[in-house]
Amino acid sequence: MTLLRTPDLAVDLGTARIRVAGGRAGFCERPANPATGATMERGVVVDASAASRILHPMFKERRRLGGTKMRVLACAPTDVSPLERNLVRSCILEAGATSVIIVPEPLAAAVGSHVDIGSRYSKLMVDFGDGVTDCAVISDGRITASVAERTGCADLRRVIQRFAADATGIVISDSEADRILRSLGTDREKPVMVEGTSRGQRSSAPIRPANLYAELWPVMGLMLRPVKTLLENLDAGKGAEVIEDGIFLTGGGALIHGMREAVAAATGIETRVVKDPLGAVIRGACRMLPFASCLNLWKMWGTHQRTLPV
Ligand SMILES: Nc1ncnc2c1ncn2[C@@H]1O[C@H](COP(=O)(O)OP(=O)(O)OP(=O)(O)O)[C@@H](O)[C@H]1O
Ligand SMILES: [Mg+2]
C-alpha cells in the first residue's frame, strides 16, 4: 500500500507509551506516565490536560505539511466507555487537532500487522498491552466480536514488586520489575537477582523463579480469560475460520517469554506474534489515515462506529 502524504496524524494513547505517526516515516513515542503523575491508566486517559501536554510537542514534531486543519485518527480499547472516549477526544483537540476519529485498537493492530481484515474469513487479534488485554474477531473489514480485560503488563510488574518485597525485603522500582519480567517471563528455572533498596541501603538478592511464577500465573490467567471467553462465544463457523488462520498477538505483552505458548496451550490454536508487535497499533492507525483523508470519512465514521470500509 502506498502511503499518501496528508496533514493528518495517527495517535496510539497507550498505558505505557504514547505514540504519534504521520507526516513522515516511522513514529515517535513518549512515556505515558512521566514522574509528574498518571496520564493513562488501564488503557484510558485519566488526565486529559496532562495527555495534551505530552501530545502537543509530538504533534508539532510530526507535522510537516502546513494548513490549518489537523485531523487525528486515535485508537482506544474496544470496551471504551463514552466518557473515556470523550477524554481521548478532548486531550487530542486540546493538543491542536481540529477533529478526531476513534478506531478500536485491535482493528488498527491488524492493519498494522498486514492481517487481511477485508477477508470474509474471521481473524482473531489479541493485543497484550501495558494496561489492557484487548481481543477482537475481525472479518469483512470490521470487528464482529470483542472482549477486553483491563489487565496487562503493568499488573505483572506489580506482582513482581510485591513478590520481591515479600520474599527478600527489597523494594524494587517499576523499571527493575520490567527488567525481571522481560528476562524471566514464565521461565521457572532461570536464576535471577533483584536489585533495589532495603532499609535505605542499595541491596540485591536472588529470587526463586518457580515461586514468582506461581504469583504471576493468576494475573496471566486474567490476561488469557478474554481470549477464551471470545472463543467460547463464537459460532462454530467463525471458530473454524479462526482455527484455520491461527491467533495473532500484538502489544508488548506478546514479547514476554512464554506468552505465545500460554495462549496456544489455553486455546489449542496455533498462535503467532506479529512482526514488531509494539508498533502494530500505531502503524495500523497510520496506514488508515490516507483512506480517511481521501474519502473524507471523518464525518461518516463518527466517533461511535467501529468499522473500516474496505
Ligand atoms: N521486549 C519485551 N519483552 C517483554 N515485555 C516487553 C518487551 N517490550 C515491552 N514489554 C512489555 O510491554 C509493555 C508495553 O506494552 P505496549 O507498548 O503494548 O503497551 P501500551 O500500548 O502502552 O498499553 P495499552 O495498549 O495496554 O494501553 C511494557 O511496559 C513491558 O512490560
Ligand atoms: Mg497498546
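As the structure is a prediction and not an experimental result, all values here were calculated from the model. (Residues numbered from 1 in each chain as written. Chains lettered and ligands numbered in written order. Predicted model: local features only at pLDDT ≥ 70, side-chain atom pairs only at ≥ 80, totals over all residues. Heavy atoms only, no water.)

### Considerations on the sheet that holds strand 6 (residues 71–76)
Moving on, step 1. What the five strands build is an open sheet, ordered 3-2-1-6-7; its pairing is mixed. On the outer flanks of this sheet lie strand 3 (24–31) and strand 7 (99–104), each paired with one strand and no other. For this sheet, the mean inter-axis angle between neighbouring strands, taken without regard to orientation, is 20 degrees.
Moving on, step 2. As defined by bridge partners, strand 2 (residues 17–22) adjoins strand 3 across six bridges and the pair is classed as antiparallel. Following the sheet pairing, R19 is matched in strand 3 by E29.
Moving on, step 3. Sheet contacts for helix 1 (residues 48–62): strand 1 (9–13), strand 2, strand 3 and strand 6; angle to strand 3, the most-contacted strand, approximately 160 degrees.
Moving on, step 4. Against the sheet, helix 3 (residues 105–112) contacts strand 1, strand 6 and strand 7, and its axis sits at roughly 80 degrees relative to strand 7. (Pairing = 2+ DSSP bridges. Helix = DSSP H or I, 4+ residues; strand = E, 2+ residues; numbered from the N terminus. Axes fitted to C-alpha atoms, helices over the stretch in contact; angles between N-to-C directions. Contact = heavy atoms within 4.5 Å.)

### Details of the site of ligand 1
Moving on, step 1. Taken together, the neighbourhood of ligand 1 is formed by 24 residues, with T15, A16, D130, G131 and D178 sitting nearest.
Moving on, step 2. In the environment of ligand 1, an oxygen atom lies 2.6 Å from a nitrogen or oxygen atom belonging to the side chain of T15.
Moving on, step 3. Between a nitrogen atom of ligand 1 and a side-chain N or O atom of R182, the distance comes to 3.4 Å.
Moving on, step 4. The fraction of the free accessible surface of ligand 1 (660 Å²) that becomes covered by protein chains is 90%.
Moving on, step 5. Elements with a minimum of two residues in the shell around ligand 1: strand 2, strand 8 (123–128), helix 4 (153–168) and helix 5 (174–184).
Moving on, step 6. Take the shell around ligand 1: its biggest share by element is three residues, from helix 5.
Moving on, step 7. Across the shell around ligand 1, the residue classes break down as eight nonpolar, eight polar and eight charged.
Moving on, step 8. Counting the residues that make up the shell around ligand 1, at least three belong to each of domain 1 (9–108 + 279–301) and domain 2 (116–273). (Near = heavy atom within 4 Å. Polar contact = N/O pair within 3.5 Å; in protein donor to acceptor, adjacent residues only side chain to side chain. Areas by Shrake-Rupley, 256 points an atom, 1.4 Å probe, with all protein chains shown as cover. Nonpolar A, V, L, I, M, F, W, Y, C, P; charged D, E, K, R; others polar. Domains from an automatic or database assignment.)

### Points about the state of the cysteines
Moving on, step 1. Inspection of every chain in the model, using the stated rule, returns zero disulfides.
Moving on, step 2. Its sulfur unpaired, C135 is 13 Å from the next cysteine sulfur, which belongs to C153. (Disulfide = S-S within 2.5 Å.)

### Comments concerning the domain arrangement of the protein chain
Moving on, step 1. Domain boundaries assigned for the protein chain yield domain 1 (9–108 + 279–301) and domain 2 (116–273).
Moving on, step 2. The centre of domain 1, based on its C-alpha atoms, is set 24 Å off from the matching centre of domain 2.
Moving on, step 3. Buried area between domain 1 and domain 2, both sides added, is near 1300 Å², and the carbon and sulfur share of it is 55%.
Moving on, step 4. Linking domain 1 with domain 2 are three salt bridges, by the criterion used here.
Moving on, step 5. Among the ionic pairs, R150 bridges to E84, the shortest N-O distance being 3.1 Å.
Moving on, step 6. Counting across the domain 1 and domain 2 interface gives six residue pairs in polar contact (both at pLDDT 80 or more).
Moving on, step 7. If you list the elements that add at least two residues to the side of domain 1 that touches domain 2, you get helix 3 and helix 9 (280–294).
Moving on, step 8. Examining the composition of the side of domain 1 that touches domain 2, we find that three residues originate from one element, helix 3, more than from any other. (Buried area = accessible area lost by both parts, 1.4 Å probe. Salt bridge = Lys/Arg side-chain N within 4 Å of Asp/Glu carboxyl O.)

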